[in-house]
Amino acid sequence: MMFESEERRQKVLEQLDSVRKGGEVNMMDAVGVQRVAYENGYHALVGHLGSNPGRGSEYMDLLDEFETYLENNED
C-alpha cells in the first residue's frame, strides 16, 4: 500500500499538485520535487518521498497515482 490512509494520500497528492503548479521544477526530477516541497513546508510530501526519492519505481508509482488524482480533480 502506497499510503497509510486516505487522508495521507490526499495531503501528499495536494502538496504534489502545489509543487507542479509552482512550476519551479521538472516533475520527473524526484530530488528536485522533494527540494521544492521542503522549501515550501510540504512535510507530508517530503516525508513520503523519504531519504532517497529517486529510488526504483516508487516515484513513478506516485506520479501514476498523481495522474489519476489530476483527472479526478480538474480545476
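Residues numbered from 1 in each chain as written. Predicted model: local features only at pLDDT ≥ 70, side-chain atom pairs only at ≥ 80, totals over all residues. Heavy atoms only, no water.

**Q** Teacher, can you tell me more about helix H2 (residues 30-39) here?
**A** The α-helix advances 3.6 residues per turn, and as a result positions three or four apart in sequence lie on the same side. Buried residues of H2: Ala-30, Gly-32, Val-33, Gln-34, Val-36 and Ala-37, and no others. Structurally, H2 contributes buried residues whose contacts are with helix H1 (6-22), helix H3 (43-49) and helix H4 (58-72). Once H2 finishes, Gly-41 follows within two positions and takes phi at roughly 75 degrees, a positive value. (Buried < 20%, exposed > 50% of the residue type's maximum accessible area, 1.4 Å probe, protein only. Helix = DSSP H or I, 4+ residues; strand = E, 2+ residues; numbered from the N terminus. Contact = heavy atoms within 4.5 Å.)

**Q** Which parts of the structure should I look at to understand the packing of aromatic side chains?
**A** Aromatic rings in a pair are described by how distant their centres are and how their planes are angled relative to each other. All told, the structure shown has one aromatic pair when counted by the stated rule. Arranged with centres 6.0 Å apart and planes meeting at 15 degrees, the rings of Phe-66 and Tyr-69 form a pair that is stacked. Of this pair, Phe-66 and Tyr-69 both sit in helix H4, three residues apart, which is roughly one turn of that helix. Accessibility classification places Phe-66 together with Tyr-69 in one group, the buried group. (Phe/Tyr/Trp six-rings, centres within 6.5 Å; stacked < 30°, edge-to-face > 60°.)

**Q** It is not clear to me how the nonpolar core should be interpreted in this structure. Could you clarify?
**A** Generally speaking, soluble globular proteins have nonpolar side chains that are buried together. Within the largest apolar cluster, 19 residues are counted, with the highest numbers of intra-cluster contacts made by Leu-16, Val-19, Val-33, Leu-45, Tyr-59 and Leu-62. Going through the elements one at a time, H1, H2, H3 and H4 are the ones with two or more residues in this core. Among the elements that take part in this core, H4 stands out by supplying five residues, more than any other. Apart from residues no more than four positions distant in its own chain, Tyr-59 is found in contact with Leu-16, Met-27, Met-28, Ala-30, Val-33, Leu-49 and Pro-53. (Core = buried A, V, L, I, M, F, W, Y, C linked by side-chain atoms within 4.5 Å.)

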